[in-house]
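# Observations on chain architecture
Spelled out from the first residue to the last, the chains are:
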Amino acid sequence: MSAYPEHLDVEAIRADFPALARTVRNDNPLVYLDSGATSQKPVQVLDAERTFYERHNAAAHRGTHLLGEEATDVYEGARAKVAAFLGADVDEVVFTKNATEAINLVAYAMSNDRSGSFRVGPGDEILITEMEHHANLVPWQQLCERTGATLRWLDVTPEGRLDLDHLDAMITGRTKIVAVTHQSNVTGTIPPVAEIARAAHEKGALVLADAAQSVPHQPVDVAALGVDFLAFSAHKMLGPYGIGVLFGRAGLLEAMPPFLTGGSMIEVVRMEGSTFLPPPQRFEPGVPAVAEAAGLAAAVDYLSALGMGNVAAHEESLTAHALDALREIDGLRILGPDTTKDRGGAVAFEVEGVHPHDVGQVLDELGIAVRTGHHCAWPLHRALGVQASTRATFYVYNTHGEVDALADGIRYAQRFFKAG
Ligand SMILES: Cc1ncc(COP(=O)(O)O)c(C=O)c1O
């Protein structure tokens, strides 16, 4: 029996992904290990978008005609599906462009609240971590610059975990929000978000989880996590570009001022001023991305049919294999935890004597797609003592054979550059 158990019928899954059947450089089969950047899309998602355009295309929430009604049903049906997937109420799901916009929405609302409970000002604190993707870092820096609030952060340990020794001290009576990743896109680390949320709530702070790398890869239940906000993108979970999700607790969304404004989000408009619809419409100005919502709903169906527990188990098996295989390579250092405990399927590493871009280029010549650079997490790389890294990320369609191909490819790069 293999040391790495199978939890999914990967060959059947791969047949749903047309891109995985193509060859790439030097006629090599594509080994796609860059799903952390964006996932490939199954035919079910492509068909859902195509069917929408072919049969139901109209602007949702407008038009009294049949197609308009059908488009509204597709859009609101997608919202209901996402809500069920997260264990949320339907009105707690706001469609955004992506995770980045979802986080900006919250950060902007906090500086745009002139009187309410979201108001942030000098003396207030925003707590983030050194592990964040820039999408969950720069918006908070900007919020602090606009309001005079102070940005604080939890450090990362040399192992790539969050240093929680001083968590209680770091969350003070002035902390307005704690914004933390639910799974690092570099080290795969899964911080204890539920524990952080409990500590934050005890001090009256709100909690936002950046779930861009968790919702696609593990079961996520917003009530069990205890977060107030949660953000993710469809394109990393088999869905299309251009649509993401902000989950927000109902009472909070209700109290929040809008972010982007215009049509579709208003109640009454007069030349002197306007009033706004309740959430989620308050946060969805303009003609909505209905085809993308249809694609996201199909992605949710696809993942639900596999079972998110099985998805997580499959990735854990691949990650265990990758950690074992990469550990064997002289001169290779894995960034982050070297066991699968509280760790997802992002494996970043440095190869002594070979620049990450060179590693990536050699792997690309072999048909292996990985990401190189700082992966939009520059402070985390600094904390781990590197400028850049090479990163392999796994998903439902990856195989153990591809993990072996990665390890062989790295050895080949070492020989090519006479390193290791
Ligand atoms: C952890 C994390 N947060 C946020 C984002 C931003 O996602 P998007 O670019 O889809 O908004 C990413 C994308 O790589 C990510 O990995």
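So, here is what we can say about the structure in this document. Computed from a prediction, not measured in an experiment: that's the story for all the values here.

Procedures and definitions
Residues numbered from 1 in each chain as written. Predicted model: local features only at pLDDT ≥ 70, side-chain atom pairs only at ≥ 80, totals over all residues. Heavy atoms only, no water. Axes fitted to C-alpha atoms, helices over the stretch in contact; angles between N-to-C directions. Helix = DSSP H or I, 4+ residues; strand = E, 2+ residues; numbered from the N terminus. Left-handed = near helix turned anticlockwise from the far one by under 90°. Contact = heavy atoms within 4.5 Å. Nonpolar A, V, L, I, M, F, W, Y, C, P; charged D, E, K, R; others polar. Buried < 20%, exposed > 50% of the residue type's maximum accessible area, 1.4 Å probe, protein only. 1 Å grid on protein atoms, 1.4 Å probe; cavity = no way out; pocket = protein on both sides within 12 Å on 5 of 7 lines; lining within 4 Å. Points joined across faces, edges and corners; volume = space filled by probe spheres on them.

Here we come to the packing of helix α3 (residues 66-86) against helix α10 (residues 290-306). The N-to-C vectors of α3 and α10 enclose an angle of 35°; their axes lie 9 Å apart at closest approach. As for how α3 packs across α10, the hand of that crossing is left-handed. Packed against α3, whose contacting residues are Ala-71, Val-74, Tyr-75, Ala-78, Lys-81, Val-82 and Phe-85, the element α10 presents Val-290, Ala-293, Ala-294, Leu-296, Ala-297, Val-300, Asp-301, Leu-303 and Ser-304 at the interface. A breakdown of the residues in the contact of α3 with α10 according to their chemical character gives 13 nonpolar, one polar and two charged.

With that out of the way, let us pick up unusual backbone geometry. Working note: non-glycine residues mostly have negative phi, and peptide bonds are mostly trans. At the junction of Pro-279 and Pro-280, the peptide bond is cis and its omega measures out at 0° in the coordinates. Residue position: Pro-280 is located in the loop between β10 (273-276) and α10. Non-glycine residue Asp-27 carries a positive phi angle of around 60°. In this fold, Asp-27 is placed in the loop between α1 (10-14) and β1 (31-32). Its relative accessible area of 63% is what places Asp-27 among the exposed residues. One non-glycine residue with positive phi stands out, namely His-61, at about 60°. Looking at the secondary structure, you find His-61 in the loop between α2 (43-56) and α3.

With that settled, the discussion passes to empty space enclosed by the protein. Following the criterion strictly, the structure yields one cavity of 30 Å³ or more and no others. Considering only enclosed or pocket space, the largest cavity measures out at about 60 Å³ in volume. A breakdown of the residues in the lining of the largest cavity according to their chemical character gives two nonpolar, nine polar and one charged.

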